[in-house]
Amino acid sequence: MKVALLSDIHANVFALEAVLEDLRRENIDRILVAGDLVGYYYWPKEVVGLLKGDSRVSCVRGNHEIILGEVLESPDAAIRYRNKYGSGYEVCRETLSADELRWLVTLPESLTVDIDGCSFHVAHGSLSSVDEYLYPDAGAEELGRNYSNSTVTVFGHTHYPFLHARDERFLINPGSVGQPRDAGGMASYVIVNTENHTVRFRRKLFEQSKLVDASKSRDPELKYLWTIMSR
């Protein structure tokens, strides 16, 4: 079976649609998402609709889903995160239904699934924390501590893709769909084939102009939101 690994979509529906189009051509059987469906950008309704309505999809909660929960509970938190990340959480409150908000904030922090005899453990940051960064240049000891008991351990959070292998097990970060930080404007994701145990890193260009225009209009003080797309 073909399993797609996605992470860090960040309410960027243009990137997600481009990736899903590629996954349709690849005849993907399952899609595992390592968190951060929302945050930063402005199309959470569309992103949640695409993922929640797809029976192939299983998601975990990222730090931005945790932040969303805080924003919904605390006006002070809403102001603090608005200043740091922009108006994406306001769009969540304005456009998502109560059921969709509840679905996001109650996603599991991790999941372990068996697909065609291959086990996958999915979390967002690391084995110990949803908000810990595990970068490609991490030391061997740090990487070793983050291998689960599954064949494939999947993390996101850094927006940088990498693969580490040890004893016929894999540690994979698929990179970011919605805000790639190593190659701006090119959604990053991974396809694992459980039959021949191949791991393919994929890149897909996506339409940026609407996202850039919306960022400049809604959050002109946070230039990072659009300049990252041309990194």
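Note that the structure is a prediction, hence the values are computed from the model and not measured. (Residues numbered from 1 in each chain as written. Predicted model: local features only at pLDDT ≥ 70, side-chain atom pairs only at ≥ 80, totals over all residues. Heavy atoms only, no water.)

## Notes on the nonpolar core
Alright, step 1. One finds Leu 6, Leu 23, Ile 31, Val 33, Leu 37, Tyr 41 and Trp 43 to be the most contacted residues of the largest nonpolar core, which totals 53 residues.
Alright, step 2. Per-element tally for this core: the top contributor is helix α1 (residues 13–25), with 8 residues.
Alright, step 3. In this view, Ile 31 contacts Ala 4, Leu 6, Leu 20, Leu 23, Asp 54, Arg 56, Val 57 and Ser 58; residues no more than four positions away in its chain are not counted.
Alright, step 4. Among the nonpolar cores identified, the runner-up in size contains 17 residues, and Ala 34, Val 113, Val 122 and Val 190 belong to it. (Core = buried A, V, L, I, M, F, W, Y, C linked by side-chain atoms within 4.5 Å. Buried < 20%, exposed > 50% of the residue type's maximum accessible area, 1.4 Å probe, protein only. Helix = DSSP H or I, 4+ residues; strand = E, 2+ residues; numbered from the N terminus. Contact = heavy atoms within 4.5 Å.)

## Things to note about the sheet that holds strand β5 (residues 118–123)
Alright, step 1. If you trace the 5 strands from one edge of the open sheet to the other, you get β4-β5-β6-β8-β7, paired in mixed fashion. On the outer flanks of this sheet lie β4 (110–115) and β7 (162–166), each paired with one strand and no other. Strand-to-strand twist of the sheet, defined as the mean angle between neighbouring strand axes without regard to direction, takes the value 15°. (Pairing = 2+ DSSP bridges. Axes fitted to C-alpha atoms, helices over the stretch in contact; angles between N-to-C directions.)

## Some points on the pattern of salt bridges
Should the charged atoms of two oppositely charged side chains come close, the side chains can pair.
Alright, step 1. Under the defined criterion, the tally for this structure stands at 17 salt bridges.
Alright, step 2. Note that Arg 200 and Glu 26 form a salt bridge whose closest N and O atoms lie 2.8 Å from each other. Of the two residues, Arg 200 is situated in strand β10 (residues 198–205) and Glu 26 in the loop between α1 and β2 (30–33); the sequence distance between them amounts to 174 residues.
Alright, step 3. The exposure class assigned to Arg 200 is partly exposed, which follows from its relative accessible area of 32%.
Alright, step 4. With a closest N to O distance of 2.8 Å, Asp 54 and Arg 56 form a salt bridge. (Salt bridge = Lys/Arg side-chain N within 4 Å of Asp/Glu carboxyl O.)

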